[in-house]
Amino acid sequence: MKISKLASAMFFAAGTVLLVGSVVMSFAALSRPAKAVKPTQEANACAQSVIRALDDGDLSKVEEYFYGKPTLGLEREPATAEGKQIWNAYRDSITVTTDGYCYGEGTNIYQTAKVTAMDITGTLSQWDKGAGELLKQKIDAAEDPAVLLDEGGDVPQTLKDELCAQALTQVLADAKTVTTQITFQLMEQDGQWWVLPDQAMLDVLSGAVK
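Points about the overall build of the protein chain
For the protein chain, the helix and strand inventory stands at 9 helices and 5 strands. Ordered by position in the sequence, the α and β elements of the protein chain form the string α-α-α-α-α-α-β-β-β-α-α-β-β-α. Relative to its full complement of 210 residues, the protein chain shows a buried share of 40%. Pairs at least 24 residues apart make up 74% of the contacts formed inside the protein chain by residues separated by at least 6 positions. For the protein chain, the computed accessible surface area is about 11700 Å², with 50% contributed by carbon and sulfur atoms.

A look at the confidence of the model for the protein chain
The pLDDT averaged across the protein chain works out to 82; a share of 82% of its residues lies at or above 70. The model gives residues 4-9 a pLDDT under 50, and that stretch makes 4 contacts with residues more than four places away or in other chains. A low-confidence stretch, residues 12-29 (pLDDT under 50), is modelled with 26 contacts involving residues beyond four sequence positions or located in other chains.

Conventions adopted
- Residues numbered from 1 in each chain as written.
- Predicted model: local features only at pLDDT ≥ 70, side-chain atom pairs only at ≥ 80, totals over all residues.
- Heavy atoms only, no water.
- Helix = DSSP H or I, 4+ residues; strand = E, 2+ residues; numbered from the N terminus.
- Buried < 20%, exposed > 50% of the residue type's maximum accessible area, 1.4 Å probe, protein only.
- Contact = heavy atoms within 4.5 Å.
- Areas by Shrake-Rupley, 256 points an atom, 1.4 Å probe, with all protein chains shown as cover.
- pLDDT = per-residue confidence, 0-100.

Written as structure tokens, this is what we have:
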């Protein structure tokens, strides 16, 4: 019962966030300010808005602050019920902490933060393992294991679905979290402040936080 094979069908974010790559590459072409930049109230306000949105698990809101307004599809949901359950649990698990406000480094302004969120990769692995263990327990407990199988000698899809749902509930209740540091740059254009995400931030948005 290889549940991990469902991962590609369940999650959209891991693929769509890769679209940011072309946007990030364009950042290198932006002209640098002529003199050193100091954090402003507006820059701090933008950074705090991004952090609040991320802490709330509102990933599509975070996307709105990205320079160039890339379309990452973060407002979409996974296609399967299991995918939605995992993705919602992931977003609900996100917590963000910061040591302070923006800071200047050379001619750029940055904000760092620590993000703690559910380990999706580990959760999928435990889900796969848990469903297999539940099936084994079911078969071992049956007086005649054959009655659990269909006419072709396979585990019926209804039983698979039942055990998968049970295993998923268990693993989500005990899901482990991981913490990573993100650093995003802030830039101003025509009076509007925008965010340039680093790879760690993109990983958080895709659920690939490590």
